[in-house]
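Single-letter residue listing:
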Amino acid sequence: MRTEGLAGAPFGPGRSLLELCGAGFWRELIQRWTVRRKLKGEALFHQGGPSDGVMVCVDGVIRLERWRGGADDGRSAATLAFRSRGDLFGETGVLSGAPRSASAWAHTDCHVAVASPELFREFFRKHRREWTMLQYALERDRGTELVQGFGDPAVRLAALLVPFVRSQYRPAIGTAASVLDIPVTRQRIAEGLRLGRTETERLLAHFPYGEVLRHRNGRIRVRPAEMLWFADQLGI
C-alpha cells in the first residue's frame, strides 16, 4: 500500500525523488549540486570504494551492479537494478559510513548531480525533506527486492524495466511514443531477475506489455502507456 509524501505524491517504488519533492526542490538541487556528464559504459563508483558522495540521475539510465560473493573472488558482477531521471542513489554508505555496497555505471549517456556528504545532509535538512528521502529510499529498495524476489516473473520484469520507460516516456513535454525501444540485453534481464537463459527467453516471449526485437544489440520494445498503467496498479 502506498502512503503520502510531504509533497502530496504517493510513495511507491515507481516514484522518483523528483516526483515526491517537486519542481522547486529539483531546480535548486541542479543549481547547487555538481552536474556531470557520463558516457555510456563509464563508471560512477565501484563496490567497496569510499562512500564519498551522493548522486541523483538528471537524465539517462544508471545501472547498479553487485559482485557475487565479493569483489575480489574472481567472479563476475551481476545487474542489481536500474535508476533513471529523478532517482537518488549512493546515499546508503554516506548515511551508514560503510563502503559502497554496489557499483554504478552509465547504462546510457547520462547526466548526474553529485553532492558531498556534507552538502547532501545540509540540503535535505534545509528543505525539511529528510523523512521524504528516507521513505523514498525504503520504497525504492523494496522495488529492487520485488525484482529479485520469487513473485510473478512478468511483474518482476515490469519493475526492472520501468526506470527505462519513465526516462523516455514523458507526455507532458511531448515525448509520448506509442512504443519505446529499451536498450537492455537478455543477459542483463536474466541477471536482474536471477533467472536462467531458458526462463528468461520464455518470459520475454510471453511478456504482456512488450515484444523482443531480434537484432544483435539486444533491445526490448514496449508499449509505455500500458506498461506504466500496469506498474501503477501494482504499486511499482
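Keep in mind the model is a prediction, meaning the values are calculated, not measured.

### Focus: the confidence of the model for the protein chain
- Confidence along the protein chain averages 83 in pLDDT terms, with 85% of residues attaining 70 or more.
- This model gives residues 1-12 a pLDDT under 50, and the stretch forms 31 contacts once residues within four places in sequence are excluded.

### A word on helix 9 (residues 224-233)
- Taken together, the buried positions of helix 9 are Pro-224, Met-227, Leu-228, Phe-230 and Ala-231. For helix 9, the buried positions fall inside an angular range of 160 degrees around the axis, keeping them on one side.
- Buried residues along helix 9 sit in contact with helix 6 (153-168), strand 9 (180-182) and strand 11 (219-222).

### So, the pairing of strand 4 (residues 62-67)
- As paired elements, strand 4 and strand 5 (residues 77-83) share six bridges and run antiparallel to each other. When the bridges of strand 5 are listed, Arg-63 appears paired with Phe-82.
- When strand 4 meets strand 7 (residues 103-106), the two strands line up antiparallel, connected through four bridges. Its bridge partner lying in strand 7, Ile-62 is registered against Ala-106.

### Some points on unusual backbone geometry
- Phi is positive for Arg-128, which is not a glycine, with a value near 55 degrees.
- Among the structural elements, Arg-128 can be located in the loop between helix 4 (117-126) and helix 5 (130-147).
- In this model, Arg-194 sits at a positive phi of 60 degrees, which is unusual for a non-glycine residue.
- When you line up the elements, Arg-194 lands in the loop between helix 7 (186-193) and helix 8 (197-205).

### Considerations on the pattern of salt bridges
- Under the defined criterion, the tally for this structure stands at 12 salt bridges.
- Two residues, Glu-28 and Lys-126, come together in a salt bridge whose shortest N-O distance is 2.6 Å. Within this pair, whereas Glu-28 is found in helix 2 (residues 23-32), its partner Lys-126 is found in helix 4, the two being separated by 98 residues in sequence.
- In this structure, Arg-140 engages Asp-141 in a salt bridge whose closest nitrogen and oxygen atoms are separated by 3.1 Å.
- Judged by its relative accessible area of 31%, Asp-141 falls in the partly exposed class.
- The network of salt bridges with common partners includes Arg-63, Glu-65, Arg-188 and Glu-191.

### Structural notes on the packing of aromatic side chains
- For the coordinates displayed, the defined rule picks out seven aromatic pairs.
- Pairing Phe-120 with Phe-124 gives two aromatic rings, centres 5.2 Å apart and planes at 65 degrees, and the pair type is edge-to-face. Of the two residues, Phe-120 and Phe-124 are both situated in helix 4; the distance of four residues between them amounts to about one turn of the helix. Just as Phe-120 is buried, Phe-124 falls in that class too.
- Here the aromatic rings of Phe-123 and Phe-124 are separated by 6.2 Å at their centres, their planes lie at 75 degrees, and the arrangement is edge-to-face.

Basis of the calculations
Counting restarts for each chain: residues are numbered from 1 in the order of the written sequence. Local features are withheld for residues below a pLDDT of 70 in this predicted model, meaning they are given only at 70 or higher, and side-chain atom pairs are given and counted only at 80 or more; totals for whole chains, interfaces and linings count all residues. The side-chain values count all of the structure's non-hydrogen atoms but skip hydrogen atoms and water molecules. Residue-level confidence of the predictor is summarised by pLDDT, bounded by 0 at the bottom and 100 at the top. Should any heavy atoms of two residues lie within 4.5 Å, those residues are counted as being in contact. Burial classes: relative accessible area under 20% of the type maximum marks a residue as buried, over 50% as exposed, and values in between as partly exposed (1.4 Å probe, protein chains only). Secondary structure elements are taken from DSSP: a helix is a run of H or I of four residues or more, a strand is a run of E of two residues or more, and numbering for both begins at the N terminus. In this context, the arc is that of the directions from the helix axis out to the C-beta atoms. Here, any two strands with at least 2 DSSP bridges between them count as paired. Salt bridges are identified by distance alone: a Lys or Arg side-chain nitrogen within 4 Å of an Asp or Glu carboxyl oxygen. Two rings from Phe, Tyr or Trp (for Trp, the six-membered ring) form a pair when their centres sit within 6.5 Å of each other. Planes less than 30 degrees apart are called stacked, planes more than 60 degrees apart edge-to-face, and all others tilted.

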